[in-house]
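Notes for the structure review
What follows is each chain in one-letter form.
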Amino acid sequence: MMLSSELKAIYFISLKDIKSYYFKPPNISWGIIFPLAMTLAFYLRNPKGMIDLIPGLLGMTILFGSTSMEAVVITFERRLGSFERLLLAPVSLEGVLAGKILGGAFFGFVVSSAMLIVSLFFFSFPRFNLFFLIPSLILSALVFSSLGAFVSVAVKEVFEAQTLANLFRFPMIFLSGVFIPVVILPLPVQIISYFLPLTYSVESLRESLLTSHNIISYWVSILVLVVFSFGLY
Amino acid sequence: MKTCSAIHVEGLTKYYGDFLAVDHIDFQVNQGEIFGFLGPNGAGKTTTIRMLCGLLKPSDGEASVAGFSIQKETVEVKSRIGVVPEISNLYDELTSFENLLFMGQLYGIPKNQRDKRAQELLQLFRLEGKKDALFSSLSKGMKRSLTIAAALVHEPSLIFLDEPTSGLDVMSARNLRTIVKQLHQQGTTIFLTTHNIEEANLLCHRIAVIVNGKIIAVDTPEALKKSVQEKSIVELGMENPNLPDLLESIKAFNGVDTVSRRQDRFVIGFKGSPPWGSFLQYLQERQFSVTSVNTLQPTLEDAFVKITGLEREIMMIEKEGKKG
């Protein structure tokens, strides 16, 4: 009974966030236009090698889609006091955070799925595997949404949330194999890469779309993403 | 620690770092009563409410709300109480109706009852016309009403109201007091914090006076007033109430116990009967002309001044940056 009401509350918290924040036109356009613009920029520079960048760009899309709004939404609600309404409800703190994280993760998943669908019109992926792809996208969205929530509890102002989120995001983009494969990075930098969740996100997406010859196997990446999800939560 | 009382508090304490915000307080709230927590801003009222609602962990002591421990059975406590925080904090981006529905969802109200309950509450608070208006577009009084309505969605047996009328215009404040009385008539226990002495006097069955984190009196308003009845209280109108030494001179007169200023008049508490002859002569010698004299019944405010040793003006200070 208690578990059922907790699960219902988690569902309603995410549903409310999805309706009132995530799926508003500015967010949808930002969530879709930003990754598409990035993809187009890389395509124009190097049309032939573009397909190799898709897993990295997908990972980056989930990273930005899930963390951006998540960090802002919680900070914004804490600032206005409406977050306290959730804390006053008969739901555990873990339940409130789970509701918030699921809302952000859903947005990240939808935005990255939209980008994936668009990319399917242009590229023929040699190892396209939907059963590998979906867990990878979902877990990546959960990890990065949790990262957004983690950032939001550490700050008081909305702009601080964005600044702190960027402190995590931008180094990850350059160190996690989005643009430059991890194996060609200097060894000390490679070591740092293995501590970053985006590395495992990109690796698992690469195996789901392009090649089985990865530096980290799909299942190891999935396992590490599960650990990151729980760790950050 | 299950009890029949609505709230039972023993030695409740809260430190913020080294600062002692609530200092080992004890009190009990009976079921069905309106209990006031009266004190100046910064006395520890909101901290106490936040501990009782499970938002803050006490540093020491115990408390049960609706028969459940606030530390060990927090979710049980939360499901049985309604809380109206000091700031009206519903969701700006949702309409009045959507806010109530969302609260109904959080409190597990079945789907077929949620709409009906939300409609009922909008009617009760005369907000039917604002059903589809965004919370952000409502007036301060309407926001306050809707925040109270949201706390009642699950029909709690106990409701916490933190400074419910603070910052409201006279009409809105009066409407809210009427609603509080209606809730009480329906059997709801009400725990109310206020720095408004008159509000506490009008609404509460019993009042706890809290100053600097300590409860210094718990009693009915009548009993608190009686505690100053051994005094004679008079109100003096002065020709020039702003003369610099006037207040200090009155205080210095032998036999004067308390003095406070209400606009252009001075309310003076004498120990025993006022020695009129010598007192008026004392004022005349100092060039202070009296224009009127009224004998007053002691008020809760007089009791508060006597009990706390604070001036009434300290209760009039609103918190900085308070939002509706």
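Residues numbered from 1 in each chain as written. Chains lettered and ligands numbered in written order. Predicted model: local features only at pLDDT ≥ 70, side-chain atom pairs only at ≥ 80, totals over all residues.

Overview of the overall build of chain A
Test applied: Numbered from the N terminus, helices here are DSSP runs of H or I no shorter than four residues, and strands are runs of E no shorter than two. Atoms counted for the radius of gyration: C-alpha only. Globule rule: 2.2 Å times residue count to the power 0.38. The exposure label follows from counting other C-beta atoms within 10 Å of a residue's C-beta, where the C-beta atoms are placed from the backbone and the thresholds are 20 or more for buried and 12 or fewer for exposed, leaving partly exposed in between. Think of it this way: build a C-beta for each residue from its backbone, and any pair within 7 Å is a contact.
On a plain count of helices and strands, chain A comes out with ten helices and zero strands. Its C-alpha radius of gyration of 18 Å places chain A within 12% of the 17 Å reference for a compact globule of 233 residues. Expressed along its principal axes, the backbone C-alpha trace of chain A runs to roughly 55 × 35 × 35 Å. Classification of the 233 residues of chain A by burial places 45% in the buried group. Counting contacts in chain A only where the partners sit at least 6 residues apart, residues at least 24 apart contribute 81% of the total.

Quick look at the interface of chain B and chain A
Our working rule: Basically, the charged four are Asp, Glu, Lys and Arg, the nonpolar ten are Ala, Val, Leu, Ile, Met, Phe, Trp, Tyr, Cys and Pro, and anything else, Gly included, counts as polar.
Facing the 19 residues of chain B at the interface are 17 residues of chain A. Mapped onto the side of chain B that touches chain A, the elements with two or more residues apiece are helix H2 (74-80) and helix H3 (96-106) of chain B. Considering only residue class, the side of chain B that touches chain A consists of twelve nonpolar, four polar and three charged.

Examining the pairing of strand S6 (residues 81-84) of chain B
For a regular strand, the rule is simple: side chains alternate between the two faces of the sheet. All names here are of chain B. Put simply, the rule is: For two strands to pair, DSSP has to find at least two bridges joining them.
Because side chains alternate across S6, one face comprises the buried residues Ile-81 and Val-83, and the other comprises Gly-82 and Val-84, equally buried. Here S6 pairs with strand S7 (residues 158-162) via four bridges, running parallel. Each residue of the ladder has a partner; that of Val-84, found in S7, is Leu-161.

Brief notes about the environment of Glu-163 of chain B
Residues and elements named next belong to chain B. Following the sequence through the fold, Glu-163 ends up in the loop between S7 and helix H6 (170-185). Each C-alpha atom, one on Glu-163 and one on Lys-45, is 9.3 Å from the other, the two residues being 118 residues apart in sequence. Other than its neighbours up to four places away in sequence, Glu-163 contacts Glu-86, Thr-193 and Thr-194.

Considering helix H4 (residues 111-124) of chain B
Every α-helix carries 3.6 residues per turn, so stepping three or four residues along brings you back to the same face. All names here are of chain B. Keep this limit in mind: A helix is expected to span 1.5 Å for every residue after the first. The arc under discussion is defined with respect to the helix axis, by the directions toward the C-beta atoms.
Its 14 residues place the ends of H4 21 Å apart at the C-alpha level, agreeing with the 20 Å of an ideal helix rising 1.5 Å per residue. Every buried residue of H4 is listed here: Arg-117, Ala-118, Leu-121 and Leu-122. Considered in projection along H4, the buried side chains sweep an arc of 135 degrees and stay on one side of the axis. Exposed and oriented more than 90 degrees from the buried face of H4 are Asn-112, Gln-113, Lys-116 and Gln-123.

Let's talk about the sheet that holds strand S4 (residues 60-65) of chain B
Residue and element names in this part refer to chain B. The antiparallel open sheet is built from four strands, whose spatial order is S2-S1-S4-S5. The open sheet has two free edges, formed respectively by strand S2 (19-29) and strand S5 (68-69), since each of these has just one partner strand. In this sheet, S5 lies alongside S4 in antiparallel orientation, the contact comprising two bridges. Counterpart to Val-65 in the pairing with S5 is Phe-68.

Things to note about the domain arrangement of chain B
Threshold: Bear in mind that the domain bounds are from an automatic or database domain assignment.
Here chain B is described as being made up of domain 1 (7-220) and domain 2 (230-297). If you average the C-alpha positions of domain 1 of chain B and of domain 2 of chain B, the two centres end up 40 Å apart.

Comments concerning the nonpolar core
This is how it is decided: For this entry, the nonpolar core is defined as buried Ala, Val, Leu, Ile, Met, Phe, Trp, Tyr and Cys residues connected by C-beta atoms within 7 Å.
Val-65 and Phe-160 of chain B are the most contacted members of the largest nonpolar core, which totals 134 residues. Leave out the neighbours within four places in its chain, and Phe-160 of chain B touches Ile-49, Leu-52, Cys-53, Ile-81, Val-83, Val-84 and Phe-191 of chain B.

Thoughts on the packing of helix H3 (residues 50-80) of chain A against helix H6 (residues 130-154) of chain A
Helix-helix packing is characterised by the crossing angle of the two axes and by the distance between the axes. Residue and element names in this part refer to chain A. Convention followed: Helix axes are fitted to C-alpha atoms over the stretch in contact, other axes to C-alpha atoms as well, and angles between N-to-C directions run from 0 to 180 degrees. In this scheme the crossing of two helices becomes right-handed for a clockwise turn of the near helix relative to the far one and left-handed for an anticlockwise turn of less than a right angle.
Closest axis-to-axis distance for the H3/H6 pair is 7 Å, and the angle between their directions is 35 degrees. As for the relative orientation of H3 and H6, their crossing is right-handed in sense. Counting all contacts with H3, which are made through Gly-59, Ile-62, Leu-63, Ser-66, Thr-67, Glu-70, Ala-71, Ile-74 and Thr-75, the residues of H6 involved are Leu-137, Ser-140, Ala-141, Phe-144, Ser-145, Leu-147, Gly-148, Ala-149, Val-151 and Ser-152. Each residue belonging to the contact of H3 with H6 can be placed in one class, and the counts come to ten nonpolar, eight polar and one charged.

Re unusual backbone geometry
Residue and element names in this part refer to chain B. Positive phi, normally seen in glycine, also occurs at His-24, with a value near 50 degrees. Tracing the chain through its elements places His-24 in strand S2. A positive phi angle, near 55 degrees, is found at Arg-126, a position not held by glycine. The residue Arg-126 is located in the loop between H4 and helix H5 (140-151) in this model.

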